[in-house]
Amino acid sequence: MTDKIVNTSVEESQTDAANRRASGEFVRGLSGFRGYLGDKDFPAESGRYHLIVAFNCPWCHRVTLARNLLGLEGSITLDVVFPNRTGNGDAAGPNLWEFNPARIATLTGDALPECTVETGTGKGHRLVKQIYAAEGSNEGSVPILYDKKQNRIVNNESAEILRMLNDQAAALGSSLGDADRPNLYPSDISLRSKIDTLNGEIYTNINNGAYKAGFSSDQAIYAAAFDNYFNMLDTLEARLASDDRPFLTGDAFTEADLRLFPTLYRHDPVYYLRMKLNGARILDYPKLWRWLCRVYALRGVAQSSPLDHCRQGYFGRSWNNVIPLGPTKPMSYPKAYKHPDLAKLR
Ligand SMILES: N[C@@H](CCC(=O)N[C@@H](CS)C(=O)NCC(=O)O)C(=O)O
């Protein structure tokens, strides 16, 4: 079977994937549903579409960020699974995303108020897998963009869902006027190519690179991913420092910033430990830290991925079910993201 040519700013090359996995490399699979909002099958309509997410998942974080920043909270409904997948004892098997708002989080000793039952299909499914199975698919990943009118999955690739929400925000019923709504992917050709280039480098070295470091079981592969990750942070720090620009491509917040945020937001409280990316904290990068706080202060960002879900999700089933609570110095997280001054300017 010839390996599918993929756009590596969206997905990982599948070339020789089986052998690479056998040699201890974490290789992410491809998303199978690639319908497009705005075309004849899926016309953009307010109140018609629905998102299914896990708040700990960085790919889901892309689409919850877009939904909030684009003022689509009132026109696209949302369901949230529990941050830990099913355990070995589950009748349906392990490692499945579950809708279970009553499930107790070890981190808090209580249920997580943001978790929901399944409301999009009208069937009240317990498992995400059942939504895929209803369309003859054995996939099981989140995020999912779902069409409640046709009871069909539109798309399960976060990079494409994010782009569609931006392109169709007005038609989808955004509560923000054109002047107040960010355009995440402006039509200026040179700006788009800058965004595309950044997306590719940040996906490979940071977004997916973090998993390459944290989930690979080969020292050399981990070490290479570790270096690529911190070299890329150095490059981004220098980029922001070059002319004190507020965002990666200049004065405007774009898709490139949105796609970098989920990983850096998780770095100090989760990835530093869980993904063995303990080369430095983001707090040690003065410009990147101020960028992180600047994005965190934007409309709806603080609500887009509660840190409790990230901590519960990444540590809840490993680490003896005991979840690390730090860092607490110089300040606990996410409170620290409200303090750009915490990072000492060099
Ligand atoms: N390329 C996909 C990746 C999605 C993805 O890998 N999601 C993870 C959660 S962080 C998942 O659900 N994995 C489980 C599975 O694939 O069954 C995207 O960006 O949407």
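Up top is the structure.
What counts, and where the lines are drawn
Residues numbered from 1 in each chain as written. Predicted model: local features only at pLDDT ≥ 70, side-chain atom pairs only at ≥ 80, totals over all residues. Heavy atoms only, no water. Buried < 20%, exposed > 50% of the residue type's maximum accessible area, 1.4 Å probe, protein only. Helix = DSSP H or I, 4+ residues; strand = E, 2+ residues; numbered from the N terminus. Contact = heavy atoms within 4.5 Å. Pairing = 2+ DSSP bridges. 1 Å grid on protein atoms, 1.4 Å probe; cavity = no way out; pocket = protein on both sides within 12 Å on 5 of 7 lines; lining within 4 Å. Points joined across faces, edges and corners; volume = space filled by probe spheres on them. Nonpolar A, V, L, I, M, F, W, Y, C, P; charged D, E, K, R; others polar. Patch = residues over 30% accessible without salt bridge, like charges linked within 9 Å, V, L, I, M, F, W, Y side chains within 5 Å. Areas by Shrake-Rupley, 256 points an atom, 1.4 Å probe, with all protein chains shown as cover. Salt bridge = Lys/Arg side-chain N within 4 Å of Asp/Glu carboxyl O. Core = buried A, V, L, I, M, F, W, Y, C linked by side-chain atoms within 4.5 Å. Domains from an automatic or database assignment.

### Quick word on helix H10 (residues 307–315)
Consideration 1: Within H10, eight of the nine residues are buried, which leaves the element mostly enclosed by the surrounding structure.
Consideration 2: Buried positions along H10 lie against helix H2 (58–69), strand E2 (76–80), strand E3 (104–105), helix H6 (209–215) and helix H8 (255–274).

### Topic: the pairing of strand E5 (residues 144–147)
Consideration 1: Across the two faces of E5 the burial is the same, with Ile-144 and Tyr-146 and Leu-145 and Asp-147 all buried.
Consideration 2: Pairing of strand E1 (residues 49–53) with E5, which is carried by four bridges, proceeds in the antiparallel orientation. In the sheet register, Tyr-49 faces E5, and the bridge partner there is Asp-147.
Consideration 3: Pairing of E5 with strand E6 (residues 152–155), which is carried by three bridges, proceeds in the antiparallel orientation. What sits directly across from Asp-147, in E6, is Arg-152.

### What about the layout of surface pockets?
Consideration 1: If you add up the space inside the largest pocket, you get close to 1000 Å³.
Consideration 2: Together, 36 residues line the largest pocket, and Arg-28, Trp-59, Arg-85, Trp-97 and Ser-141 are the ones closest to its centre.
Consideration 3: If you list the elements that add at least two residues to the lining of the largest pocket, you get H2, H6 and H10.
Consideration 4: Of all the elements, H2 adds the most residues to the lining of the largest pocket, at three residues.
Consideration 5: When its residues are assigned to classes, the lining of the largest pocket shows 16 nonpolar, eleven polar and nine charged.

### A word on a nonpolar patch on the surface
Consideration 1: Side chains of Tyr-272, Leu-273 and Trp-319 sit close together on the surface and give an oily, nonpolar patch of about 270 Å² of accessible area.
Consideration 2: Assessed through its relative accessible area of 38%, Trp-319 is described here as partly exposed.

### Examining the nonpolar core
Consideration 1: Judged by nonpolar contacts, the single largest core of 95 residues is most densely connected at Leu-264, Trp-289 and Trp-291.
Consideration 2: Three or more residues apiece are contributed to this core by two domains, here domain 1 (17–167) and domain 2 (189–342).
Consideration 3: Apart from the residues lying within four places of it in its own chain, the contact partners of Trp-291 are Leu-240, Pro-246, Phe-247, Leu-248, Asp-257, Leu-260, Phe-261 and Leu-264.

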